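Residues per chain, in single letters:
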Number of protein chains: 2
Amino acid sequence: MDIDRLETPSLILDAVVMDHNIRRLQSRLRAANVPLRPHLKTSKCVQVARAIAAHGERGIAVSTLREAERFAAAGFRDILYAVVIAPDKLARAAALRAAGTELTLLIDGADIARRAAMAAARHGVELAVLIEVDVDGHRSGVDPAALEPLARLIASSPGLRLRGIASHAGSAYDCRGRDGIARVAERERVLMIGAARLLRDSGLPCEVVSVGSTPTAIAAESFAGITEVRAGVFVFNDLMQAQLGVCAFEDIALGVLCSVIGHHRAGDRLIVDAGWSALSQDSLLEGEARIFGRLCAADGRLLPDLAVTLLNQEHGIVTHLAGRPLAAREFPVGTKLRVLPVHACATASMHDGYQVLEDGVLAERWPRFGGWAP
Amino acid sequence: MDIDRLETPSLILDAVVMDHNIRRLQSRLRAANVPLRPHLKTSKCVQVARAIAAHGERGIAVSTLREAERFAAAGFRDILYAVVIAPDKLARAAALRAAGTELTLLIDGADIARRAAMAAARHGVELAVLIEVDVDGHRSGVDPAALEPLARLIASSPGLRLRGIASHAGSAYDCRGRDGIARVAERERVLMIGAARLLRDSGLPCEVVSVGSTPTAIAAESFAGITEVRAGVFVFNDLMQAQLGVCAFEDIALGVLCSVIGHHRAGDRLIVDAGWSALSQDSLLEGEARIFGRLCAADGRLLPDLAVTLLNQEHGIVTHLAGRPLAAREFPVGTKLRVLPVHACATASMHDGYQVLEDGVLAERWPRFGGWAP
């Protein structure tokens, strides 16, 4: 089917660009001899997971137990649930483990460690655990100074198996440019190999040293001592990654096809049928303008300086960033445009499937899922 | 079931508060002798639609053709598709019309009017039309000065039936306090009754004069000359409506139940398992703080000054707005909290159903839908 015949708004995935993105990160990590553990929260799609696994990856990371269950049902066995588990989810995690999934949990405190040990005993399983280490004060994770006592507690808890440590240097997103990100990645690496050494020197197990984010995976200069790299957004890329300097606009595999439905009477705004319900509300600053997406023609050709600058539920307002008029003649009602997402995870989460483009032709529709419940 | 046994995150709807909200707006509009046309884009839920219709409403407004189709299938017949229609959706609209739904479309330009007339002829139906009038330069709609020629074009197009005019005073959301909103509503009313008079004086039909938004519906002082009021958010309410001064925190019927999953080592932040994937990224300014939700205990009791101030996909960061410490003792891991949404439409859109609370007890689960395709 021709892309122009899709009803709007629709989420479009360019499979050629996606494959390029996958190969790019995988070659990089292979050269550094460290495996990639793709974070599938970005796509929540079995077909995307298989496209990554086709290049040889085995383990995956997920952000919800629903993802863990769906990907386990699709044949993935080595799954890291990369969010510190809430107590009320332990029974569900134990059930996955009992069914044979090699599920590893993230833990960052003594309370949840004790409750995990109780759940393991109650359900008669062994729960594999990584300790989340806070490397930059950004979010969750244990203070490195408190790591050893927590590791000792976990290692001595029947039913828990300590596998190692994990971190996420979220502060990479505060950087501009690859050099800054590379420094964040190197600080994370040094801290994590120090933490691993501390555990091993104390006779505690630490087979896994897991780090990751797309920017640090792309910009880091060394992975020595790291046993796996997690990254999610790399598979699609987005305007945030482009602004960080870790991809180009042409590397963005995702777009929202929309239609022009009107023109503001001031002559400087197009109205399109992609609002926040199709794009999400993630935004970034381009100079002084807050933007919610950049515009391409339906065929993917960039329309420089056109951006979505305002959103309602089903309306997007498109303006020229230099304030030029947008003529109805040039963009008549019904014109199809493609919006490049600010944040691929967020934009994808507003849709229940991907219209997959192979060499400019719509080939398939791949379903995606959201939600949390079993 | 007890609310404390729900797995988190979950979207909770307090049916008692919702019923209060419905009755409140309906009594107000009944006293003014103007019917309410509820905008169902907020709930996208047949059970919520029926709860409103139980109080006597007949017509509804929707923001997508999927909503129109789902609500038509559930027995609603008088449906206003309240977004200017894109050309590629005309065939679908004609099919709904052919199947007996009294669907009315919104049009704001000659191009789309001509294409609608062609679609009507092609599908052998009559398409009912309101002209969207731009009352405040906010978004879409025809310049009032260009209304008459467009009305004449539509009235003279075989296959189109001009029913009247509609407006949405989006600028009400830029106000602080009811007085400012009441002034916006009065300006909209005066402009719309003037526009209606212009059409009628020219012998053009204008049986419908449709205005609406939750803030103006609650704050307007007169509806004289208006034939229907559209409002959506009123059914749930949210922090944005509270900040505008048109509801109190106790009138917010929606909340996201979450669990505490950690404590930041600085001692001033809780980490909960409701990120943007559960709350949306809609935010508002409280003083100088940007917040993504306010916190209640699981039972709905407000925890003053606690707010979600940072979001990742599955993580929310809760801080005290006055910077006080948040003790792990007071909020141990596993504590259930309820987040009041900034924008009910956006928060609800992140979930596929409502856990319905009747007098504090979970009574039912009502499904909701998203998306656009047939």
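Below is a short write-up of the structure. Everything numeric in this text was worked out from a predicted model, so none of it was measured.

## What to know about the overall build of chain A
When its secondary structure is counted, chain A shows 11 helices and 19 strands. Projected onto its principal axes, the C-alpha positions of chain A cover 70 × 40 × 35 Å. Contacts in chain A between residues at least 24 apart in sequence constitute 68% of all its contacts with a sequence separation of at least 6. Taking the average location of the 42 positive side-chain charges in chain A and that of its 43 negative ones, the two points are 3 Å from each other.

## Some words on the packing of helix α4 (residues 90–98) of chain B against helix α5 (residues 110–123) of chain B
Residues and elements named next belong to chain B. The N-to-C vectors of α4 and α5 enclose an angle of 50°; their axes lie 10 Å apart at closest approach. One way to sum up the angle between α4 and α5 is to call them oblique. By crossing handedness, the relation of α4 to α5 is classed as right-handed. Along the contact surface, α4 presents Leu90, Ala91 and Ala94, while α5 presents Ile112, Arg115, Ala116, Ala119 and His123. Residues of the contact of α4 with α5, tallied by class, amount to six nonpolar, one polar and one charged.

## Some points on the relation of the copies chain A and chain B
Note that the two copies of the chain are related through a rotation about an axis and a translation along the same axis. When chain A is fitted onto chain B, the two copies agree to an RMSD of 0.0 Å after a turn of 180° and an axial shift of 0.0 Å. Read as a symmetry element, the transformation amounts to a two-fold axis. When each C-alpha of chain A is compared by its distance to the rotation axis, Gln281 of chain A comes out closest, at 2.9 Å. Mapped onto chain B, 100% of the interface residues of chain A are again interface residues, and the two copies thus contact each other with one and the same surface.

## Side note on the nonpolar core
Counting 241 residues, the largest nonpolar core has Met18, Ile165 and Tyr354 of chain A together with Met18, Ile165 and Tyr354 of chain B as its most contacted members. With sequence-adjacent residues up to four places away left out, Met18 of chain A is seen in contact with Leu13, Val48, Ala51, Val235, Phe236, Ala253 and Trp366 of chain A.

## Notes on the interface of chain A and chain B
In this assembly, 56 residues from chain A lie in contact with 57 residues from chain B. Buried surface at the junction of chain A and chain B, both sides included, amounts to about 4,800 Å², of which 50% is carbon and sulfur. Among the residues of chain A in contact with chain B, Arg139, Arg265 and Trp372 of chain A are the three that bury the most area, contributing 16% of the side total. Remark: the boundary between chain A and chain B carries 12 salt bridges.

## Brief notes about the pattern of salt bridges
The full count for this structure, using the stated rule, is 46 salt bridges over all chains. Across the pair Glu7 of chain A and Arg92 of chain B runs a salt bridge, and its minimum N-O distance is 2.3 Å. Here the residue Glu7 of chain A occupies a position in the segment before β1 (10–14), and Arg92 of chain B occupies one in helix α4, the pair thus bridging two chains. Taking relative accessible area as the criterion, Arg92 of chain B reaches 10% and is therefore assigned buried. One salt bridge in this structure joins Arg37 of chain A and Glu228 of chain A, with 2.9 Å as the shortest N-O distance. Taken together, the residues Arg37 of chain A in strand β2 (residues 36–38) and Glu228 of chain A in strand β9 (residues 228–231) connect sequence positions 191 residues apart.

Parameters at a glance
- Residues numbered from 1 in each chain as written.
- Chains lettered and ligands numbered in written order.
- Predicted model: local features only at pLDDT ≥ 70, side-chain atom pairs only at ≥ 80, totals over all residues.
- Heavy atoms only, no water.
- Helix = DSSP H or I, 4+ residues; strand = E, 2+ residues; numbered from the N terminus.
- Contact = heavy atoms within 4.5 Å.
- Lys, Arg positive; Asp, Glu negative; His and termini not counted.
- Charge placed at Lys NZ, Arg CZ, Asp CG, Glu CD.
- Axes fitted to C-alpha atoms, helices over the stretch in contact; angles between N-to-C directions.
- Parallel < 35°, antiparallel > 145°, perpendicular 65-115°, else oblique.
- Left-handed = near helix turned anticlockwise from the far one by under 90°.
- Nonpolar A, V, L, I, M, F, W, Y, C, P; charged D, E, K, R; others polar.
- Least-squares fit on C-alpha atoms with pLDDT ≥ 70 in both.
- Core = buried A, V, L, I, M, F, W, Y, C linked by side-chain atoms within 4.5 Å.
- Buried < 20%, exposed > 50% of the residue type's maximum accessible area, 1.4 Å probe, protein only.
- Buried area = accessible area lost by both parts, 1.4 Å probe.
- Salt bridge = Lys/Arg side-chain N within 4 Å of Asp/Glu carboxyl O.

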